[in-house]
Number of protein chains: 2
Amino acid sequence: MRIALMQLNFVVGDIEGNARKIADAVRHAKTAGADLCVASELGLLGYPPRDLLLYSGFVELAASKVQQLARELKDQPPLIVGTAERNASGKGRTLRNAALLLQEGEIKSTFFKSLLPTYDVFDEDRYFEPGQSPGVALVDGVRIGVTICEDIWNDKDFWKHQRYSSDPLERLTGSSTVDCLVNLSGSPFTVGKQEFRESMLKAIASKYHVPICYVNQVGGNDDLVFDGRSCAVGASGKIIAKARPFEEDILIVDLQGSSNRIAEDDFTVESEAWRALVLGTRDYVRKCGFKRVLLGLSGGIDSALTAALAAEAVGKENVLAVMMPSPYSSQGSIDDSVELAKRLGIKTEMLPIQTIMSAFNETLKVPFSGYVPDVTEENIQSRIRGSLLMALSNKCHAMLISTGNKSEVSVGYCTIYGDMNGGLAVLADVPKTLVYRLSEWVNRNRGNPIPRAIIQKAPSAELKPNQTDQDSLPAYDVLDAILQRYLEQHQSKEEIIASGFGSAIVEKVARLVKSAEFKRKQSPPGIKITDRAFGTGWRVPIASRQDF
Amino acid sequence: MRIALMQLNFVVGDIEGNARKIADAVRHAKTAGADLCVASELGLLGYPPRDLLLYSGFVELAASKVQQLARELKDQPPLIVGTAERNASGKGRTLRNAALLLQEGEIKSTFFKSLLPTYDVFDEDRYFEPGQSPGVALVDGVRIGVTICEDIWNDKDFWKHQRYSSDPLERLTGSSTVDCLVNLSGSPFTVGKQEFRESMLKAIASKYHVPICYVNQVGGNDDLVFDGRSCAVGASGKIIAKARPFEEDILIVDLQGSSNRIAEDDFTVESEAWRALVLGTRDYVRKCGFKRVLLGLSGGIDSALTAALAAEAVGKENVLAVMMPSPYSSQGSIDDSVELAKRLGIKTEMLPIQTIMSAFNETLKVPFSGYVPDVTEENIQSRIRGSLLMALSNKCHAMLISTGNKSEVSVGYCTIYGDMNGGLAVLADVPKTLVYRLSEWVNRNRGNPIPRAIIQKAPSAELKPNQTDQDSLPAYDVLDAILQRYLEQHQSKEEIIASGFGSAIVEKVARLVKSAEFKRKQSPPGIKITDRAFGTGWRVPIASRQDF
């Protein structure tokens with residue numbers, strides 16, 4: 001049997017467009033000899049549909065579209081497609097996360113997802129009633145166990161801690177004989193996750209002595225990037241086929257064959273992160289209806305890396321870099337920015353902010369009399385720049401992208417309504433130390449766009465004379481190590497101090513993280529590349545105490 | 001038996017402070033003759049603790065504090081208190097939402113919440129493993145059925161649709177005899193909810209012929225306001241005692257007695273909304289560590305109402321109103337603002353923005369040459385004002401509060417990084433038509449602070465000559481009616497048109513709602529007063545299509 005793994009880039013909510021994409025892929029797969037086609041989880045809706053699911057009009061639209069799709073694909077190979085179905089039981093959540101087998105013009109079978117992830121960025125208990133067990137689809141005499149994403153993520157031999165009390169796979173294989181498993185997934189990217197997924201798929205295939213076809217969607221949807229990397233693992237636990245990472249692909253898997261395609265991939269951190277950030281930026285800009293982006297170039301490494309990412313994501317001809325020097329900007333920063341833009345081949349604009357700074361000073365002279373200069377004046381500069389960038393964005397219909405990194409966003413070393421402005425915060429989940437590694441990587445792998453001086457200079461916001469980041473923050477390698485423990489591993493301050501960090505610095509970092517919460521709540525979406533990102537999956541109260 | 005319903009105002013995460021508050025209340029209750037004290041759901045942690053629960057250090061802190069509390073209250077009446085407990089089963093979510101009976105220096109019994117709300121603003125499946133059934137606490141020979149919030153919200157005779165497949169109350173009363181039910185709640189306010197709660201409590205008490213004591217917390221926590229209104233319903237289904245609304249209270253309920261206290265209340269929409277907005281503003285400002293607030297006064301009704309709310313919430317001496325006229329501001333707007341501030345007794349500051357506008361124009365002259373004026377220039381004015389307000393906020397350590405109403409925020413009739421700036425969006429869940437009703441109400445009930453001219457003038461952003469809101473938007477009564485159907489009832493465009501609204505206007509409103517999503521994602525927390533507010537419970541994708 002030849003199964004087509006349809007790794008497609010859906011637009012959330014675009015049922016019409018997604019259906020067309022699925023139908024086209026099925027026709028293509030037939031030409032390539034497929035006996036069965038499989039699309040990804042909730043593919044018809046685009047994953048994750050979130051609160052669009054609360055509209056019954058949306059769910060009805062999907063139901064009628066799936067009927068239409070079945071009829072339209074009458075003479076095509078059978079298709080297993082993900083969608084949401086109304087829960088007919090009359091009790092519990094109103095919907096089910098479903099996989100439908102479309103065959104010979106009809107919906108032949110319906111399968112429901114049993115395990116509903118409700119952690120991090122996932123909210124599936126919010127919408128769906130769980131199914132009791134996966135089922136078996138019979139296609140050309142082959143018994144195919146149909147699972148949806150999380151259903152296969154709870155194996156007691158693989159996990160130290162089982163997140164759910166039941167294991168649908170155990171139940172399925174205990175009650176039925178299956179020749180093959182398929183898994184419809186909507187599995188967002190994080191650095192290192194594919195290696196983990198593959199080890200898990202291998203463990204399951206080996207344990208049950210059954211091949212498994214894993215189908216993931218690809219593309220960026222708001223803060224999530226889906227890396228695709230659909231693959232098939234043979235009954236012996238070996239990868240036998242693999243789709244191209246970070247792009248659309250229709251992979252035909254011959255379960256018995258030996259000539260399956262295994263796409264090349266690269267699991268180094270920089271390569272993974274770079275491709276995810278490029279795809280996430282490209283799709284967010286495009287799916288929001290923009291063609292062009294603009295950003296502020298400060299002469300620092302964050303905006304330099306963001307510019308390089310943007311040029312690859314939307315094309316250098318669609319990137320505008322804006323330099324907005326103040327009296328505190330060094331000539332080096334301006335020269336370096338010009339050089340960077342030249343190397344990238346992106347357009348530039350120069351808008352000195354001195355005139356507007358003076359106008360603010362004059363306007364605020366009376367209320368500020370008697371006060372000494374403080375962070376207020378620094379924020380004003382940042383907000384002037386943010387307002388200029390938004391003015392250009394409004395006037396030229398280009399999306400402003402912001403350039404702050406995760407370390408800064410964590411400790412609030414950024415100005416709300418200033419440098420945080422933007423439709424997308426490209427580096428919001430990239431710690432500063434990874435910004436450096438990515439900059440070196442892009443210079444090695446993308447024609448050396450970032451001038452050495454930008455990488456080597458001491459980081460500075462240049463908002464007052466002779467300022468550097470390390471006047472107010474610990475060295476970035478120390479800061480990132482503490483943040484990694486505090487934010488991602490949820491260690492307590494006590495634990496972090498016990499592991500060798502100074503207590504004053506740990507206290508300070510924790511205090512800064514806490515007090516920046518109000519800023520993060522108002523920040524643009526970032527692109528999630530780590531296990532714990534700000535954004536959808538970050539649900540921390542603002543008006544609170546955090547003493548641990 | 002005399003039960004103390006301890007309706008307290010907790011700070012989320014402040015385990016130390018909350019424990020102290022609980023202990024003080026127990027001592028007070030003893031003096032007042034209580035035989036048993038009951039605190040609200042997760043009271044020790046403050047509700048909702050959200051992702052603080054992901055820190056094991058936080059949960060351990062709570063565990064040790066509860067032990068300490070038990071010892072400390074050894075000689076006091078028994079206490080049922082809400083906290084989070086580690087799930088000892090080894091499978092499933094790591095925590096339980098628990099109610100602990102502290103008696104004679106020990107934790108005598110532990111009860112777990114069975115029904116975990118995971119909809120709207122609630123995410124309890126994210127953290128908690130459900131309990132199997134509520135239990136019975138034996139205190140002085142009285143059998144007390146202990147339930148937690150949602151546990152009593154699934155009665156099949158009361159609800160048309162049961163959200164959960166099991167009913168813990170049915171299970172409890174089926175297997176045990178109970179003399180009395182207690183319910184520890186963390187039930188956020190919405191307009192009209194208390195009437196609904198009371199009808200539900202009455203229905204349950206009557207059905208099972210058992211008195212029920214409902215204990216809710218009080219106070220504002222980020223976007224949620226808890227209205228308290230703890231009460232007791234007798235076995236006959238009559239309210240026998242009721243705590244004061246919107247403030248702390250310790251209500252002693254004598255289950256057999258006839259002299260219980262029933263606090264006065266007012267269920268008119270305006271009164272409910274006003275008290276919730278005042279409490280929500282006061283607590284957010286205070287719990288964020290601020291004493292003072294500032295806001296921009298435009299001469300319009302939204303900022304006028306916000307100023308009146310702020311004056312009641314934090315005291316008139318702590319409110320600064322800033323007028324920032326441009327050449328497009330009418331003299332009437334300035335005069336009306338001055339008069340409003342005078343009537344409210346709040347301080348004012350006048351900062352004309354002409355100088356800064358000119359500086360922006362000059363700076364942008366070159367890149368804007370060849371473009372005609374459009375919304376860009378309007379946004380620049382708004383962003384200048386937003387930056388001036390933030391400058392004052394930074395310099396004077398006063399929280400900026402924003403004044404946009406729900407109708408504007410819905411359709412994006414507001415400027416991101418401009419008038420949306422602030423720590424709290426006071427009216428973000430108040431539709432414009434309710435803004436008018438509240439303004440009339442406050443004039444009748446709070447000494448007529450809002451000049452008639454402000455209420456009567458046509459709404460205008462005054463960002464270009466002779467502009468009014470209705471140049472770009474339908475009349476607010478029409479807009480609000482459409483929004484109510486589209487946002488709160490999740491009707492499709494088709495259904496709304498079928499109910500009698502013009503299709504062009506419905507299409508336009510839906511399109512505006514969709515395209516403002518990116519702004520809302522970056523807006524400050526609002527104060528939820530309706531069943532469907534932007535903020536925590538609003539999870540709508542940005543880069544998507546919405547064609548229904």
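The structure presented is a predicted model; accordingly, all values stated were derived computationally and were not measured.

Caption draft 1: Spotlight on the overall build of chain A. When its secondary structure is counted, chain A shows 17 helices and 19 strands. In terms of C-alpha radius of gyration, chain A reaches 25 Å, essentially the compact-globule figure of 24 Å for 548 residues. Taken along its principal axes, the extent of the C-alpha atoms in chain A is 80 × 50 × 45 Å. Looking at chain A alone, contacts between residues at least 24 apart form 70% of all its contacts between residues at least 6 apart.

Caption draft 2: Expanded view of the domain arrangement of chain A. Residues and elements named next belong to chain A. What the domain assignment lists for chain A is domain 1 (2–267) and domain 2 (278–462). Taken together, the 6 residues of domain 1 in the interface contact 6 residues of domain 2. Residue composition of the side of domain 1 that touches domain 2, by class: 3 nonpolar, 2 polar and 1 charged.

Caption draft 3: Inspection of the interface of chain B and chain A at higher detail. Facing 76 residues of chain B, the contacting portion of chain A comprises 76 residues. The greatest single-element share of the side of chain B that touches chain A, amounting to 13 residues, is contributed by helix 10 (residues 375–396) of chain B. Residues of the side of chain B that touches chain A, tallied by class, amount to 35 nonpolar, 23 polar and 18 charged.

Caption draft 4: Up close: unusual backbone geometry. Between Y47 of chain A and P48 of chain A the backbone carries a cis peptide bond, its omega angle lying at 0°. Within the secondary structure layout, P48 of chain A lies in the loop between strand 2 (36–38) and helix 2 (56–72). Here H209 of chain B, not a glycine, exhibits a phi torsion of approximately 50°, which is positive. Mapped onto the elements of the fold, H209 of chain B is located in the loop between helix 4 (193–208) and strand 9 (212–216). Judged by the 11 C-beta atoms lying within 10 Å of it, H209 of chain B falls in the exposed class.

Caption draft 5: Representation of the relation of the copies chain B and chain A in the model. For the pair chain B and chain A, the superposition axis carries a translation of 0.0 Å, the fit reaches an RMSD of 0.0 Å, and the rotation angle comes to 180°. Classification of the inter-copy transformation places it as that of a two-fold axis. For chain B, the smallest separation between a C-alpha atom and the rotation axis is recorded for Q522 of chain B, amounting to 2.0 Å. When the interface residues of chain B are mapped onto chain A, 100% of them are again interface residues, pointing to one common binding face.

Caption draft 6: Region of the structure containing the environment of S175 of chain B. Mapped onto the fold, S175 of chain B is located in helix 3 (residues 168–175). Along the backbone, S175 of chain B and C288 of chain B are 113 residues apart, and their C-alpha atoms lie at a distance of 46 Å.

Caption draft 7: How the structure looks around the pairing of strand 16 (residues 319–323) of chain A. Residues and elements named next belong to chain A. The element strand 16 is largely enclosed, with a buried count of 5 among its 5 residues. Burial of strand 16 is two-sided: the residues V319, A321 and M323 facing one way and the residues L320 and V322 facing the other way are all buried. Pairing geometry for strand 15 (residues 292–296) and strand 16, over 4 bridges, is parallel. Paired with L294 across the two strands is L320, which belongs to strand 16. This β-α-β element, strand 15 to helix 6 (residues 301–314) to strand 16, shows right-handed connectivity. In this structure, strand 16 lies alongside strand 17 (residues 347–350), joined through 4 bridges in parallel fashion. Looking across to strand 17, one finds that A321 is bridged to T348. Once you follow strand 16 into helix 7 (residues 331–344) and on to strand 17, the crossover reads as right-handed.

Caption draft 8: Structural view of helix 7 (residues 331–344) of chain B. All names here are of chain B. Here helix 7 spans 20 Å end to end across 14 residues, near enough to the 20 Å set by a 1.5 Å rise per residue. The set of residues buried in helix 7 consists of S333, D336, S337, L340, A341 and L344. Buried residues of helix 7, viewed axially, fall in a sector of 135°; they line one side. Away from its buried face by more than 90 degrees, helix 7 exposes Q331 and K342. Where helix 7 is buried, its residues touch helix 6 (301–314), strand 16 (319–323), strand 17 (347–350) and helix 13 (452–456). Phi turns positive one or two residues past the end of helix 7, at G345, with a value near 75°.

Caption draft 9: Fine view of the nonpolar core. Ranked by internal contacts, the top residues of the largest apolar core, which has 353 residues, are V38 and A307 of chain A together with V38 and A307 of chain B. Setting aside anything within four residues of it in sequence, one finds A307 of chain A in contact with L295, L297, V319, A321, L340, L344 and I346 of chain A.

Caption draft 10: Seen up close, the sheet that holds strand 6 (residues 135–139) of chain A. Residue and element names in this part refer to chain A. The strand order across the open sheet formed by 6 strands is 6-7-8-9-12-13, and the pairing between neighbours is mixed. In this open sheet, the two edge strands, each paired with only one partner strand, are strand 6 and strand 13 (239–242). Adjacent strand axes in the sheet meet at a mean angle of 20° when their direction is disregarded. Relative to strand 9 (residues 212–216), strand 8 (residues 180–185) is paired through 5 bridges, and the arrangement is parallel. By the bridge assignment, N183 is partnered in strand 9 with Y214. Across the sheet, helix 4 (residues 193–208) touches strand 9, strand 12 (231–233) and strand 13, and the angle it forms with strand 9 is around 150°.

Caption draft 11: Representation of the environment of R71 of chain B within the structure. Assignment of secondary structure puts R71 of chain B in helix 2 (residues 56–72). Owing to 10 C-beta atoms within 10 Å, R71 of chain B belongs among the exposed residues under this scheme.

Caption draft 12: The pairing of strand 4 (residues 95–103) of chain A, seen in detail. Residue and element names in this part refer to chain A. Of all 9 residues in strand 4, 9 are buried, a share of seventy percent or more. Side chains of strand 4 alternate between two faces, with L95, N97, A99, L101 and Q103 and R96, A98, L100 and L102 buried alike. Connecting the antiparallel pair strand 4 and strand 5 (residues 106–112) is a turn made up of 2 residues, with E104 showing a positive phi of about 50°.

Caption draft 13: Quick peek at the environment of K514 of chain B. Residues and elements named next belong to chain B. When you line up the elements, K514 lands in helix 16 (residues 503–515). Using a count of 17 C-beta atoms within 10 Å as the deciding quantity, one classes K514 as partly exposed. The spatial distance from the C-alpha of K514 to the C-alpha of V409 is 11 Å, given a sequence separation of 105 residues.

Caption draft 14: Looking closely at the sheet that holds strand 6 (residues 135–139) of chain B. Residues and elements named next belong to chain B. Across the sheet, 6 strands lie side by side as 6-7-8-9-12-13; this open sheet has mixed pairing. The sheet is open, and its two edges are formed by strand 6 and strand 13 (239–242), each paired on a single side. Taking the axes of each pair of neighbouring strands and ignoring which way they run, one obtains an average angle of 20° across the sheet. Strand contacts of helix 4: strand 9, strand 12 (231–233) and strand 13, with the helix running at about 150° to strand 9, the strand carrying the most contacts.

Caption draft 15: The confidence of the model for chain A, seen in detail. Looking at chain A, the pLDDT average stands at 97 and 100% of residues meet or exceed 70. Prediction confidence for the complex, expressed as pTM and ipTM, is 0.97 and 0.97 respectively.

Here is what the cut-offs are and how they apply
Residues numbered from 1 in each chain as written. Chains lettered and ligands numbered in written order. Predicted model: local features only at pLDDT ≥ 70, side-chain atom pairs only at ≥ 80, totals over all residues. Helix = DSSP H or I, 4+ residues; strand = E, 2+ residues; numbered from the N terminus. Rg over C-alpha atoms; globule rule 2.2 N^0.38 Å. Contact = placed C-beta atoms within 7 Å. Domains from an automatic or database assignment. Nonpolar A, V, L, I, M, F, W, Y, C, P; charged D, E, K, R; others polar. Buried ≥ 20, exposed ≤ 12 C-beta atoms within 10 Å, placed from the backbone. Least-squares fit on C-alpha atoms with pLDDT ≥ 70 in both. Pairing = 2+ DSSP bridges. Right-handed = clockwise from strand over helix to strand, strands pointing away. Expected span 1.5 Å × (residues − 1). Arc of directions from axis to C-beta. Core = buried A, V, L, I, M, F, W, Y, C linked by C-beta atoms within 7 Å. Axes fitted to C-alpha atoms, helices over the stretch in contact; angles between N-to-C directions. pLDDT = per-residue confidence, 0-100.

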